[in-house]
Amino acid sequence: MKTAHDLVTVAKALVQEVPLDQADEAIRTADVLIDVREADEYQAGHIPGAIHASRGVLEFRLSSTPELSARDLKVVLYCKTSGRAALAARAMHDMGYLQVQSIAGGFDAWVAAGKPVAAPASPSFD
């Protein structure tokens, strides 16, 4: 019986992971940056410019959003540490997407490197 770790290991062997030191360039040249974490994780902070599509609904979101349906889109994905992003990248490849990458180390590595994070502004009641 395979574990989640086994599935991630297989996915990582089949998808392209972008090293953190090349992530900025990959994001700049991508058509879309997708955060596949859960909504509360995204709301707490995300990479600037990222759209949100939780891993559990990614395939449905891609199928129902015309702007995301082109199979030649340049896509960069990320999650917390890179496991969900690898699984998402593999699913996108299975759907026929040709240019999908995930960020090695995910959002945690991004934050640890001191890279910018977007977060919703708290309302001011002054």
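Residues numbered from 1 in each chain as written. Predicted model: local features only at pLDDT ≥ 70, side-chain atom pairs only at ≥ 80, totals over all residues. Heavy atoms only, no water.

A.B. asks: Please provide a residue-by-residue account of the sheet that holds strand β2 (residues 32-35), values included.
C.D. replies: What links the strands of a sheet is backbone hydrogen bonding, and the strands pair in either a parallel or an antiparallel sense. Taking strand neighbours across the sheet as the criterion, the five strands line up as β1-β5-β4-β2-β3 in an open arrangement whose pairing is parallel. Looking along the sheet, the strands with just one partner apiece sit at the ends: β1 (16-18) and β3 (51-52). Taken together, the two bridges between β2 and β3 define a ladder with parallel strand orientation. Bridging from a neighbouring strand, D35 pairs with H52 of β3. Those strands touched by helix α5 (residues 83-94) are β4 (74-78) and β5 (99-103), and its axis lies near 150 degrees from that of β4. (Pairing = 2+ DSSP bridges. Helix = DSSP H or I, 4+ residues; strand = E, 2+ residues; numbered from the N terminus. Contact = heavy atoms within 4.5 Å. Axes fitted to C-alpha atoms, helices over the stretch in contact; angles between N-to-C directions.)

A.B. asks: Go over the pattern of salt bridges with me, naming the residues and quoting the values.
C.D. replies: Two side chains with opposite charge may pair up if their charged atoms get near one another. Scanning the entire structure with this criterion turns up seven salt bridges. For E17, the salt bridge goes to K12, with nearest N and O atoms at 3.4 Å. Taking relative accessible area as the criterion, E17 reaches 27% and is therefore assigned partly exposed. On the basis of relative accessible area, K12 is assigned to the partly exposed category, the value being 30%. With its nearest N and O atoms 2.7 Å apart, the salt bridge here joins R37 to D35. The exposure class assigned to D35 is buried, which follows from its relative accessible area of 0%. (Salt bridge = Lys/Arg side-chain N within 4 Å of Asp/Glu carboxyl O. Buried < 20%, exposed > 50% of the residue type's maximum accessible area, 1.4 Å probe, protein only.)

A.B. asks: Please set out α5 residue by residue, giving values where relevant.
C.D. replies: Helix length check: α5 (12 residues) gives 17 Å between terminal C-alpha atoms against 16 Å at 1.5 Å per residue, within 8%. Every buried residue of α5 is accounted for by G83, A85, A86, A88, A89, A91 and M92. On its buried face, α5 is in contact with α1 (4-14), α4 (58-64), β4 and β5. (Expected span 1.5 Å × (residues − 1).)

A.B. asks: An account of helix α2 (residues 20-29) is needed here, citing residue identities and associated values.
C.D. replies: L20, A23, A26 and I27 are the residues of α2 that are buried. Looking down the long axis of α2, one finds its buried residues gathered within 95 degrees of arc, a one-sided arrangement. Residues of α2 that are exposed and point over 90 degrees away from its buried face: D21 and R28. Here the buried face of α2 lies against β1, β2, β4, β5 and α6 (106-112). (Arc of directions from axis to C-beta.)

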